[in-house]
Amino acid sequence: EVFLPEEPRPAAPVDFLQELPSYQSALRRRAAAGGTQERRAAPQGSAGLRAAEARGPEEEGGELAARPAREYPLTIAEKRRLRDCQQADIKYISGWKQWKRTSSKSLKKVLSEVRELFSYLELWRHDIHSIEGKFGTGIQSYFSFLRFLVLLNFIIFILMFSFVTLPSIISEYGIFNSSFAKISPKNIEPHCTVYKPSGNMGLVYFYTYLKDLLSGTGFLEVTSLFYGYYTIDAAWLRILRYNLPLAYLLATFAYLALSLLWIIKRSVEGFKQNLVHDEDQFQSYCNKVFAGWDFCITDPHAARLKHRSLQYELQTDLEEERLKRKIADRTTKEKLHIYSLRIFINIIVIAVLSGCFYSIYRATVFSQENSNVSIGHDVTNLLVQYLPSIVITLANFIAPQIFSFLIRFEDYSPAFEIRLTLMRCVFVRLANIGVLLFSLWSQISYCATDECKACGYNYELYPCWESEVGQEMYKLMIFDFIIILAGTLFVDFPRKLLVTHCSCKPVQWCGLQEFGISDNVLEIIYGQTICWIGTFFSPLLPAIATIKYFFIFYIKKISLIHTCKPAARPIRASSSNFFFLVVLLIGLILAFIPLGISIAHIPSSKACGPFRSFNTSWAVVPDTILGFPTGLQQVLHGIASEAFAVPFFMVICLIMFYFIALAGAHKRVVRQLREQLIMVRFDPLFCTPKV
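Every residue gets a number counted from 1 within its own chain, in the order that chain's sequence is written. Whole-chain, interface and lining totals are the exception, using all residues; otherwise, since this is a predicted model, local features are given only for residues with pLDDT of at least 70 and side-chain atom pairs are given and counted only at 80 or more. Working from all heavy atoms in the structure, the side-chain values ignore hydrogens and water.

A. Geometry of the overall build of the protein chain. Every helix listed is a DSSP run of H or I at least four residues long, and every strand listed is a run of E at least two residues long, numbered separately from the N terminus. Helix and strand counts for the protein chain stand at 25 helices and five strands. By residue count, 43% of the 691 residues in the protein chain fall in the buried class. By definition, residues are in contact when any of their heavy atoms lie within 4.5 Å. Within the protein chain, contacts between residues separated by at least 24 positions form 76% of all contacts whose residues are at least 6 apart in sequence. Here the Shrake-Rupley method, with its probe set to 1.4 Å, supplies the accessible areas, and only the displayed protein chains count as covering residues. Carbon and sulfur atoms make up 66% of the accessible area of the protein chain, which totals about 38,800 Å². Between buried and exposed lies partly exposed: a residue is buried under 20% and exposed over 50% of the maximum accessible area for its type, with that area taken using a 1.4 Å probe on protein chains only.

Encoded structure:
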C-alpha cells in the first residue's frame, strides 16, 4: 500500500520547492564542492534510520560505516543512535572489511577534495556567481551557455590542431626526423592543378596587412589557417606513416560527433525540467506563487525587477486563460477572419524571407565576381569582399523587427507569440548562412567550357574553392564580432550617457537598452553555426571562435552591469537553458547539410588541400579500406550492405517502440498517482486502510 496512516511520518518534501532558483544554485555549488549525490541518496528522516537499523550490518553492505552520520538529514538524537550502531557493527566485521571501509572513506575524501579544487579552477566561476546574485538565474544561464561554447570550441581546436595542423607542421619542418610525401594527382588535366595564392610580395603598405587580416586573403591565405595549406598526402615519423587526408576527414567527423553528444547530454536535464513545468497548469501556478522567488538575488533593483517579472508571469497566465476562453467562444465568422489574417501575414513573412535570401544571393554573386578585380581604392575592395556579410547582418537586424511588428496582429497567446517570433528569427539567421553557401556552390559548380567540366568545378574563379569558402566563414566570424563590439561601444554606451545626463522626455521614454537573453543567445548560436561549418575549410577557426567568445563574455558583462537593464520579460532558467540547447542543436543539424554536400558531392580541388588526389573528400575512405586485409574488407562491406542495414534498422525500431511504450506506461502511472493525490486532498477517507 502507498498510504500508511497508522504510522506517523514526516512530511514529504514538496517537488516544486526543489525547483527554486536558489535551490538549484545551491545544488550546483554543493555538486562542485562534492558530496551532493551522497546527500541526495541519504535516507530521509527517522523512517530512513529505522529502515537502516532493520536491514542490519550484513544487508547494508558497509553503507552505514562508509558514510559519516553527519551526512544524514536526521536530528541530533537520531544521529547519535546511528553513530552507536556504526561503532557496534565494527566489532562483527573482519579485518579485510574494515580495511575496505577505511580505504573507501579515504578515497571518497580525496575525490571530494579534488572535485572541490577543480570547482575553484572553473572558468569565470566568481563572475558568473556574481551575475547570478545581482540579476538572477535567467541572465546567469546566458553566461553559463557562453562558457560552454568557449570550452566546446577550445576542445574542437585542440582536436583539429593535434590531428591535422601539428602533423603538417612537424613533417614540413623535419622535426623529430620526420618527412612528408606529396603524390601528384593522376588522370587530372594540368590546368586544374594551377593554384597561385594572392600572397603579398615585395614592399607593401601597412593597411594592406590590415585588409588581409580582415578578409583572410594575402599573407593569411598561405598559412595553416585555411584548407589550401594542407597539401601533404602522408607524413613519415621514422617508420610510422600518418595518413593526413584520412585524419583530416576523421577529425571533422569527430568534432561534429563530439558537439552532438555534448549538446544532447546537456539538454537532457533541461528537457526534464521543461516537461515538468509544462505538464500541469495548477503546478505552474504553485511554482510561481510558492517557488517563484529567486533567493540568489541581492541587488535591490534586481529584486524589484523580479517582483515585476512574477507579476508579468501571472498576468500572462491569466491572459492565456482569457484567450483560451475567447477562442472557445469564437464564431465561425470570427475564426474565418483570424485565419485569413494569419495566412496573409505569413505570406508577408515569406515575402520578407524571400527578399532577404535574394539580396544575399545577389550580394554573394557580385562579391565573388569582383573580389579579384581592382575597383578603385582598397577600402572599396574590402567593402566588396565584405558585401555578403554586411547584407546578412542587415537581414538579421531588419527581419526580426518586421516579425515582432506583424505578430501583434495574429492574435496568439503571449507565450506563443514569443516562441513563434524566436523561431522565425532563428530560421532567418540560420537560413541566411545556407543561402550564402548555396550561392557560393552555384558559382563553384558553374561550368560553361569543356576544360572546366574536366575539373568538375569552376577552376578559373575558384582554383582552391575550399579556401574561398573558408575565407567567407572567416569574414562572417570577424564581422559578427565587430558588430557586437560596435553595438556596445557606439550604441549602448552613448544611450546610457544620454539617459543619465539628459532629462528630455523622448530620451527618458526610450530608456536604457534591455539585455534580451534570447537575442544575445541567437547572436552567439549564429556565430557557432558559422564555426561548425567553417572548421572543415579553416581548421584553426575554432581558435578564433574561442578568443571571440572569451572577449564577448567580458563585453556583455560590462554592458549588462553598466549600460543595460535586464529584460522586463525574463524567462525561467530551466526553460531558457533547454531553449538555448535546442536552437544550438538546430544550428548543428544545419551544419551537417553543407558539410555533407561538400564532402560527398562536390569535387575536391585538384590544386590544393589533402584531397586533391581524390574525386571527392569521401573517396579517401574506400581508398583506405582497400589497403586493409581481405577479411576485414569483407566485414566492412558486409556492415555497409543492405543485408546488414535492414535488420539493424528493424532492431533499432523495435528498441525505439519499446522505450516509447515504457514511457507511456510511466506516464499513465504518474497520472494515476496524481489522481490519488487529488483524491487525498478532497476525500480524507481515501487514506483509510482497506481491509
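Still to come is the rest of the account.
B. Main features of a negative patch on the surface. For patch building, the residue pool is restricted to those with more than 30% relative accessible area and no salt bridge; the joining distance is 9 Å between like charges and 5 Å between nonpolar side chains (Val, Leu, Ile, Met, Phe, Trp, Tyr). A carboxyl oxygen of Asp or Glu within 4 Å of a side-chain nitrogen of Lys or Arg is what we treat as a salt bridge. A positive count includes Lys and Arg, and a negative count includes Asp and Glu. His and the chain ends are not counted in either. Charge placement uses NZ in Lys and CZ in Arg. For Asp and Glu, CG and CD serve respectively. The grouping of E189, D450, E451 and E460 at the surface amounts to a negative patch. Along the chain, D450 turns up in helix α17 (residues 450-455). Judged by relative accessible area, D450 falls into the exposed class, the value being 65%.

C. Region of the structure containing the side chain of T252. Assignment of secondary structure puts T252 in helix α10 (residues 244-279). With residues near it in sequence (within four places) discarded, T252 still touches M160, F536 and I599.

D. Structural view of the environment of C531. By the secondary structure assignment, C531 is in helix α20 (residues 517-534). Sequence separation between C531 and A543 is twelve residues; the distance between their C-alpha atoms is 9.7 Å. If sequence neighbours within four positions are ignored, C531 has contacts with N153, M477, L541, P542 and A545.

E. The arrangement of the pattern of salt bridges in detail. On inspection of all chains with the given rule, the structure shows five salt bridges. Close ionic contact of E472 with K475 constitutes a salt bridge, the shortest N to O distance being 3.1 Å. Highlighted residues: E472 and K475, both in helix α18 (residues 465-501), separated by three residues, approximately one helical turn. Here E472 falls in the buried class, since its relative accessible area comes to 2%. Close ionic contact of E523 with K556 constitutes a salt bridge, the shortest N to O distance being 3.6 Å. Of this pair, E523 sits in helix α20 while K556 sits in helix α21 (residues 541-563), and the two are 33 residues apart along the sequence.

F. Seen up close, the packing of aromatic side chains. In summary, the pairing rule links any two rings of Phe, Tyr or Trp, Trp by its six-membered ring, whose centres are within 6.5 Å, and it sorts them by plane angle into stacked for under 30 degrees, edge-to-face for over 60 and tilted for everything else. Per the counting criterion, the structure on display carries 28 aromatic pairs. Measuring from centroid to centroid gives 3.8 Å for W124 and F553, while their planes differ by 5°, and the two rings are stacked. Highlighted residues: W124 in the loop between α6 (95-120) and α7 (125-135) and F553 in helix α21, separated in sequence by 429 residues. Each of the two residues, W124 as well as F553, counts as buried. Arranged with centres 6.0 Å apart and planes meeting at 90°, the rings of F550 and F551 form a pair that is edge-to-face. Exposure remark for F551: the relative accessible area of 44% places this residue in the partly exposed category. Each member of the aromatic cluster is reached from another via a ring pair, and the members are Y227, Y229, Y230, Y248, W465, F536, F537 and F611. In this structure, R429 is placed above the aromatic ring of Y526, and the distance from its NZ or CZ to the ring centre is 5.9 Å. We call a charge positioned over a ring when the NZ of a Lys or the CZ of an Arg lies within 6 Å of the ring centre and within 35 degrees of the ring normal.

G. Up close: the pairing of strand β2 (residues 234-237). Strand pairing is assigned whenever DSSP detects at least two bridges linking the two strands. Sheet topology places β2 next to strand β3 (residues 240-243); four bridges connect them, and they run antiparallel. Each residue of the ladder has a partner; that of L237, found in β3, is L240.

H. Structural context of the state of the cysteines. In what follows, a disulfide is any cysteine sulfur pair within 2.5 Å. Inspection of every chain in the model, using the stated rule, returns one disulfide. Each sulfur in the disulfide pair C464 and C608 lies 1.9 Å from the other. Handedness of the C464-C608 disulfide follows from its S-S torsion of about 90°: it is right-handed. One end of the pair, C464, is in the loop between α17 and α18; the other, C608, is in the loop between α22 (573-600) and α23 (620-625), and 144 residues separate them in sequence. Given a relative accessible area of 3%, C464 falls into the buried group. For C608, a relative accessible area of 0% gives the class buried.

I. Fine view of the packing of α18 against α21. Only the contacting stretch of a helix is used when fitting its axis, a line to C-alpha atoms as for every element, and angles between N-to-C directions run 0 to 180 degrees. Two elements in contact, α18 and α21, have axes separated by 11 Å at closest approach and are oriented at 10°. On the basis of their axis angle, the class for α18 and α21 is roughly parallel. Residues M473, Y474, M477, I478, D480, F481, I484, L485, T488, D492, F493 and K496 of α18 lie in contact with α21, whose contacting residues are L541, I544, A545, K548, F551, I552, I555, K556, I558, S559, H562 and T563. Under the scheme applied here, ten amino acids are nonpolar (Ala, Val, Leu, Ile, Met, Phe, Trp, Tyr, Cys and Pro), four are charged (Asp, Glu, Lys and Arg), and all others, including Gly, are polar. Its residues assigned to classes, the contact of α18 with α21 shows 15 nonpolar, four polar and five charged. Any angle that is under 35 degrees is reported as roughly parallel, and any over 145 degrees as roughly antiparallel; angles of 65 to 115 degrees are reported as roughly perpendicular and all others as oblique.

J. Fine view of the environment of I478. Among the secondary structure elements, I478 is positioned in helix α18. Residue I478 is classed as buried on the basis of its relative accessible area of 19%. As a C-alpha pair, I478 and I544 span 66 residues in sequence and 8.7 Å in three-dimensional space. Apart from residues no more than four positions distant in its own chain, I478 is found in contact with L214, Y386 and I544.

K. Region of interest: the packing of helix α13 (residues 332-370) against helix α15 (residues 387-406). Two elements in contact, α13 and α15, have axes whose closest approach is 9 Å; the angle formed by their N-to-C orientations is 175°. The orientation of α13 relative to α15 falls into the category roughly antiparallel. Mapping the contact onto sequence places I345, I348, V349, V352, L353, C356, S359, I360, A363, T364, F366 and S367 in α13 and L387, P388, V391, I392, A395, A399, I402, F403 and L406 in α15. Across the contact of α13 with α15, the residue classes break down as 18 nonpolar, three polar and no charged.

L. Spotlight on a nonpolar patch on the surface. On the surface, a nonpolar cluster with roughly 1,100 Å² of combined accessible area is contributed by F628, L632, V635, I639, F644, F648, V651, I652, I655, Y658, F659 and L662. Of all the secondary-structure elements, those providing two or more residues to the nonpolar patch are α24 (630-640) and α25 (642-682). With eight residues, the top contributor of residues to the nonpolar patch is α25. Considering the arrangement of structural elements, one finds L662 in helix α25. The partly exposed category is assigned to L662, whose relative accessible area is 31%.

M. The nonpolar core, seen in detail. The nonpolar core is taken to be a set of buried Ala, Val, Leu, Ile, Met, Phe, Trp, Tyr and Cys residues, with the residues joined through side-chain atoms within 4.5 Å. Y142, F143, F145, Y255, W465 and W532 are the most contacted members of the largest nonpolar core, which totals 119 residues. The dominant element in this core, judged by the number of residues it contributes, is helix α8 (residues 137-172), at 14 residues. In contact with Y142, other than residues within four places in its own chain, are F515, I517, N520, V521, I524, I552, K556 and F580.

N. Focus on the confidence of the model for the protein chain. Each residue gets a pLDDT score, which is the predictor's confidence in that residue and runs from 0 to 100. Mean pLDDT over the protein chain stands at 76; residues scoring 70 or higher make up 77%. Element-level mean pLDDT values for the protein chain span from 41 in helix α2 (residues 36-40) up to 91 in α21. Every residue in residues 1-17 scores below 50 in pLDDT, and together they form 16 contacts with partners more than four places removed in sequence or on other chains. The low-confidence segment residues 32-65 (pLDDT under 50) makes 54 contacts with residues lying over four places distant or belonging to another chain.

O. Seen up close, the environment of A543. Along the chain, A543 turns up in helix α21. Between the alpha carbons of A543 and N153 there is a distance of 6.9 Å; along the sequence they are 390 residues apart.

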